[in-house]
Amino acid sequence: MKFMGDYSFVLDAAVLVACIVLIILSKATYTKKTNRYKYFLSSIISLMIAASANVFYHVCVNESFKNGVIVYIAKMAYYIPLITVLALFNLYVADLIELGSKAFERFVLGSYSVFILLTMIEPITTFGYNIDKEGNVDSPYYITVFAAAYVMYLIILAINLYGHKNIVVKRIVNSVAIVFTISIIIILIQAIFKGDSFTCFAFFLPILAVFVLLHSNSYDVDFGTLDFNAFVSYFGEILQKKEEVVVVNIYVENFTTDMYIKKNKIAFQKFINDIKYNNFVFKITEDRMIFIYKKSEFDAERIMNCFNKLHEEYQLDQKTVFTTNIEMFKSAYDYQNFYEFIETRMKYNTYRMCNEQDIYAYINNQYIKQELNDIVERGDLNDKRILAYCQPVLDIAKNRYTSAEALMRLKLDKIGLVYPDVFIPMAEEFKYIHKLSLIILNKVCAYISENPKIERISVNFSIDELKDSKFCDDITSVISRYDIDYGKIAIEITESRTLDDFVIIKDRIIALKKLGFKFYLDDFGTGYSNFERIMGLPIDIIKFDRSLVIFAKGNNESKYMISNFADIFKRLGYDILFEGIEDETDEEMCRKMKADYLQGYKYSKPIPIEELNRFL
């Protein structure tokens, strides 16, 4: 294999085989069908034509096949695809750096079209080479039309890559530059010796670099799945073509946890084989996978039976959601968010074929999220979408309603009244809750300033809110807008579960109590309770949850236990409030258990704060 006149077909044949392999690999894995990918694929095909033509050309120039016309055709079949590759790579790089304007595209295509035309008439002009009637080729010059095209290609490439290097990842630019430098050196050395064995190989190296750096969408080593970006692109094509498919979303708890991964790899491959699935599998999060079936090939019963067997054998806990095309969903992101929403409403090892109710529930959920985000971004403490409701509290000693608990509601144009169990978890997840709490506090303060006879209204704040270093300043700045005492506001909190939180919260409570604020410990009796920490907090009122009222009604032993809890707190100086009082029996029992305050539906359901006057 030499650089000089002696030609060896081995490299051209190798390039041809390598191009075929790249096409197979690009089809085997999923590759996004962008303009860039089309340029890339067209370059491979053009290079295959050039490599084949070069082999054919050298067969033709053999003495037994010499013919001027045939040699000319073979020469054109070699040079024209190579010049096409140069044009395609310039367009590819321009698209990569987002410089692919129509004007630039016209310039590139026009320039290289001129080079192709000049190449076709080159034997006539004898500028670079000439072919006689017998098919003999004479190349007296180093400068040819092809060489000029290659120089122009390098100039445009250098300007685009290094003139816009801030747009492309530096490591990619440097890697591409090294590969192109090697290619140029090969071309130059070959030109010096007037050979052409290595031309297609030199052109193949940048194609290979581009494939490895930008188009290879490697499978997950452990599970053979593609990632979320591949799912977005692949599913985008399905939506564009309006193909009817069934999407199977499977969430498996701890699927990729290190201690389970070996077992789960075996289970996963068994599952794939059992359900007879032959399409791509996408792992869009660590524990969530998506399968896409043609509607005619989908068999829900088979999938459920196979997963039930896997659960029995490998103890894999999963939630599986089936959906067909959803017309109002415009992207793969909509589907992912929808699956996450549906999963929150499912138990493990269950299956759900989604229907219109699920879709509209999700749409409402997204609408609520958008509205909450808008409320927070606007920062209007008087936002009309946030409604302040109250539930009056009976003061047993005074035998009248002296205080109330403030509660939050949403009122949205499209869906009306929204209750806390729907939007509070969402507000906490997206860190909206503090802004909403301040809006409620502002509306409570506005009410108190106009109705000073109310002794106190309590407002709920989460532990995370209290931990914020700006918490004290935030609430005092709201209250300072009104001419009311801090003692008119009580802050309801739930018990902290960590020692670090306890210390911070205790400091916040002490600072605010010095200003006159009252503090309630909410939901005592639900879940975790640590008496040492409760007694370490300088709070004023312990709120016994409705669940303790129900528990006390169970039998005398239960009643005795709850009564003693109340007695202990009373002796320690805390007031006791029982909530969830629904009838005379509840009230009488709680009075006997030393209650100071009672709250519940027996007295009033939560009402708009404007209606609280009728209880005072």
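The structure displayed is predicted, hence computed values, not measured ones.

Here is what the cut-offs are and how they apply
Residues numbered from 1 in each chain as written. Predicted model: local features only at pLDDT ≥ 70, side-chain atom pairs only at ≥ 80, totals over all residues. Heavy atoms only, no water. Helix = DSSP H or I, 4+ residues; strand = E, 2+ residues; numbered from the N terminus. Buried < 20%, exposed > 50% of the residue type's maximum accessible area, 1.4 Å probe, protein only. Contact = heavy atoms within 4.5 Å. Areas by Shrake-Rupley, 256 points an atom, 1.4 Å probe, with all protein chains shown as cover. Axes fitted to C-alpha atoms, helices over the stretch in contact; angles between N-to-C directions. Parallel < 35°, antiparallel > 145°, perpendicular 65-115°, else oblique. Nonpolar A, V, L, I, M, F, W, Y, C, P; charged D, E, K, R; others polar. Expected span 1.5 Å × (residues − 1). Salt bridge = Lys/Arg side-chain N within 4 Å of Asp/Glu carboxyl O. Core = buried A, V, L, I, M, F, W, Y, C linked by side-chain atoms within 4.5 Å. Pairing = 2+ DSSP bridges. Phe/Tyr/Trp six-rings, centres within 6.5 Å; stacked < 30°, edge-to-face > 60°.

*Asks:* What should I look at first to understand the overall build of the chain in this one?
*Replies:* The secondary structure content of the chain amounts to 21 helices and 17 strands. For the chain, the proportion of its 616 residues judged to be buried stands at 50%. Here the contacts in the chain between residues at least 6 apart in sequence split such that 71% fall between residues at least 24 apart. Surface exposure of the chain reaches about 30900 Å², of which carbon and sulfur atoms provide 56%.

*Asks:* Mind showing me how you'd approach the packing of helix α8 (residues 228–241) against helix α11 (residues 332–343) here?
*Replies:* Packed helices, taken two at a time, are described by the angle between their axes plus the distance between the axes. Contact pair α8 / α11: the axes reach a minimum separation of 8 Å and the direction vectors enclose 115°. Between α8 and α11, the angle falls in the class roughly perpendicular. Between α8 and α11, the contacting residues are Phe 228, Phe 231, Val 232, Phe 235 and Leu 239 on the first element and Ala 332, Tyr 333, Tyr 335 and Gln 336 on the second. Here the residues of the contact of α8 with α11 sort into 8 nonpolar, 1 polar and no charged.

*Asks:* Would you mind showing me how to read helix α14 (residues 433–450) here?
*Replies:* In an α-helix, one turn spans 3.6 residues, which is why side chains three or four residues apart end up on the same side. A rise of 1.5 Å per residue sets the reference length of α14, with its 18 residues, at 26 Å; its end C-alpha atoms lie 26 Å apart and thus fit the reference within 8%. Along α14, 14 of the 18 residues are buried, which leaves the element largely enclosed by surrounding structure.

*Asks:* Help me out: how do you make sense of the pattern of salt bridges in this one?
*Replies:* Across all of its chains, the model carries 27 salt bridges by this definition. For Glu 587, the salt bridge is made with Arg 591, and the minimal N-O distance between the two is 3.0 Å. Pair noted here: Glu 587 and Arg 591 are both in helix α21 (residues 584–592), with a separation of 4 residues, about one helical turn. By relative accessible area, which is 35% here, Arg 591 ends up partly exposed. By sharing partners, the salt bridges in this structure join Glu 371, Asp 374, Arg 378, Asp 383 and Arg 385 into a single network.

*Asks:* Explain the packing of α11 against helix α12 (residues 356–378) to me, please; I cannot follow it from the model alone.
*Replies:* Interhelical geometry of α11 versus α12 gives an angle of 100° and a closest axis separation of 10 Å. Classified by the interaxial angle, the pair formed by α11 and α12 is roughly perpendicular. In this structure, α11 uses Asp 334, Asn 337, Phe 338, Phe 341 and Ile 342 to contact α12, whose residues at the interface are Asp 358, Ile 359, Ala 361, Tyr 362 and Asn 365. Here the residues of the contact of α11 with α12 sort into 6 nonpolar, 2 polar and 2 charged.

*Asks:* Whenever I open this one, the nonpolar core confuses me. Can you help?
*Replies:* Nonpolar side chains in soluble globular proteins tend to be buried together. Among the nonpolar cores identified, the biggest contains 81 residues, and Leu 441, Ile 457, Ile 542, Phe 544 and Phe 578 are the most heavily contacted of them. Sorting elements by how many residues they give to this core places α14 first, with 10 residues. The contact partners of Phe 578, leaving out residues within four places of it in the chain, are Phe 544, Val 549, Ile 562, Cys 590, Met 593, Ala 595, Tyr 597, Leu 598 and Gln 599. Judged by nonpolar contacts, the second largest core, of 56 residues, contains Val 15, Tyr 92, Leu 161 and Ile 186.

*Asks:* Sorry if this is basic, but what is going on with the sheet that holds strand β6 (residues 318–324) here?
*Replies:* Within a sheet, each strand pairs with its neighbour through backbone hydrogen bonds, oriented either parallel or antiparallel. Across the sheet, 5 strands lie side by side as β4-β5-β3-β6-β7; this open sheet has mixed pairing. The sheet is open, and its two borders are formed by β4 (281–285) and β7 (350–353), each paired with just one other strand. Ignoring strand direction, the axes of neighbouring strands in this sheet form an average angle of 20°. The sheet contact formed by β6 and β7 spans 4 bridges and is parallel. Its bridge partner lying in β7, Val 321 is registered against Arg 352. In the packing of α8 onto the sheet, the strands contacted are β3 (245–252), β4 and β5 (288–294), and the crossing angle to β4 comes to about 120°. Relative to β6, α11 is tilted by about 135°, and along the sheet it contacts β3, β4, β5, β6 and β7.

*Asks:* Just checking my understanding: could you explain the packing of aromatic side chains for this structure?
*Replies:* Any two aromatic rings considered together are summarised by their centre-to-centre distance and by the angle between their planes. This structure, assessed with the given rule, holds 39 aromatic pairs. A ring pair is formed by Tyr 79 and Phe 146, whose centres lie 5.3 Å apart and whose planes are at 45°; its orientation type is tilted. In this pair, Tyr 79 is assigned in helix α3 (residues 68–96) and Phe 146 in helix α5 (residues 145–163), connecting sequence segments 67 residues apart. With 6.2 Å between their ring centres and 85° between their planes, Phe 524 and Phe 565 make a pair best called edge-to-face. One end of the pair, Phe 524, is in strand β13 (residues 518–524); the other, Phe 565, is in helix α20 (residues 556–571), with 41 residues separating them in the sequence. What makes Phe 524 buried here is its relative accessible area of 5%. Among the residues examined, Phe 565 registers a relative accessible area of 24% and is labelled partly exposed.

*Asks:* What is the right way to look at the pairing of β3 in this model?
*Replies:* On a regular strand, each side chain points to the face opposite its neighbour's, so the side chains alternate between the two faces of the sheet. Of all 8 residues in β3, 8 are buried; the element is thus mostly enclosed. Neither face of β3 is exposed, since Val 245, Val 247, Asn 249 and Tyr 251 on one face and Val 246, Val 248, Ile 250 and Val 252 on the opposite face are all buried. Bridge analysis of β3 against β5 gives 7 bridges, and the strand direction is antiparallel. Within β5, the residue paired with Val 248 across the bridge is Phe 291. Note that β3 and β6 share 7 bridges and pair antiparallel. In the sheet register, Tyr 251 faces β6, and the bridge partner there is Lys 319.

So, to be careful, I would describe these as geometric facts and stop short of saying anything about function.
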